[in-house]
Amino acid sequence: MTALQPEPHLALIVEDDPEVRALAAVLLDETELEVLEVESAEAALQCLQERGGEVAMMFADVRLPGEMDGVQLARATCKLWPTIRIVLTSGDPVVQADDLPDCVTFMPKPWRGLDVLVQAEKAINDPQPPVT
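Sequence order as written defines residue numbering, which begins from 1 separately in each chain. Under the rules for a predicted model, residues below a pLDDT of 70 receive no local features and side-chain atom pairs below 80 are neither given nor counted, while totals for whole chains, interfaces and linings still include all residues. The side-chain values count all of the structure's non-hydrogen atoms but skip hydrogen atoms and water molecules.

Attention now goes to the environment of Pro-65. Starting at the N terminus, helices and strands are each numbered in turn, a helix being any DSSP run of H or I of at least four residues and a strand any DSSP run of E of at least two. Tracing the sequence through the fold places Pro-65 in the loop between β3 (55-61) and α3 (70-80). Contact criterion: two residues are considered in contact whenever any of their non-hydrogen atoms come within 4.5 Å of each other. Those residues in contact with Pro-65 that sit more than four places away from it in its chain are Asp-16, Glu-39, Ser-40 and Glu-42.

With that settled, consider the sheet that holds strand β1 (residues 10-14). Strand pairing requires that DSSP identify at least two bridges connecting the strands. Read from one edge of the open sheet, five strands run β2-β1-β3-β4-β5, paired in parallel fashion. Since the sheet does not close on itself, it has two edges, and those belong to β2 (34-38) and β5 (104-108), each with one partner. Direction aside, neighbouring strands of the sheet carry axes that sit 20 degrees apart on average. The sheet contact formed by β1 and β3 spans five bridges and is parallel. Paired with Leu-10 across the two strands is Val-55, which belongs to β3. Axis lines are fitted to C-alpha atoms, over the contacting stretch for helices. Their N-to-C directions set the angle, which ranges from 0 to 180 degrees. Across the sheet, helix α1 (residues 18-29) touches β1, β2 and β3, and the angle it forms with β2 is around 170 degrees. Strand contacts of helix α4 (residues 113-125): β3, β4 (85-90) and β5, with the helix running at about 150 degrees to β3, the strand carrying the most contacts.

On to the nonpolar core. To qualify as a nonpolar core, a set must consist of buried Ala, Val, Leu, Ile, Met, Phe, Trp, Tyr and Cys residues joined through side-chain atoms within 4.5 Å. Think of it in three bands: residues with accessible area under 20% of the maximum for their type are buried, residues over 50% are exposed, and the middle band is partly exposed, with areas taken using a 1.4 Å probe on protein chains only. The biggest cluster of nonpolar side chains holds 28 residues, and the ones touching the most others in it are Leu-12, Val-14, Leu-48, Met-58, Leu-73, Ile-86 and Leu-88. Contributions of two or more residues to this core are made by β1, β2, α2 (41-51), β3, α3 and β4. In terms of residue count, the dominant contributor to this core is α2 (five residues). Among all residues touching Val-14, those that are not within four sequence positions of it are Val-38, Ser-40, Ala-41, Ala-44, Met-58, Phe-59, Ala-60, Asp-61, Leu-64 and Leu-73. Grouped together as the second largest cluster of nonpolar side chains are 17 residues, Leu-27, Leu-28, Val-35 and Ala-56 included.

Next up, the structure:
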């Protein structure tokens, strides 16, 4: 890649619960990804606008404060940054994986640390192909 397109090396965590966000950050710190943490979809979009080409993985909760929820954030991210691996998580039994965009991996809460690490590994070694 050229200097204009840096290798994706960031994990963006979008979670409003500080304890859950910190747990995900500790896990992802064990990978080669640099971790960025935000608590809303709007903050995530701001981060993506600034550094979207560097993001390999977005790990986001479905329920977020603000105007957008995690599903809306995932849809926007799929369109604008199609190579980012998106993992949505929720403890809400109403949320069904079938209702989510095709580009999303769904992980119910409570998630297992190993499952998060597997997704990070996929983000690093097997990025999402751009949607054609």
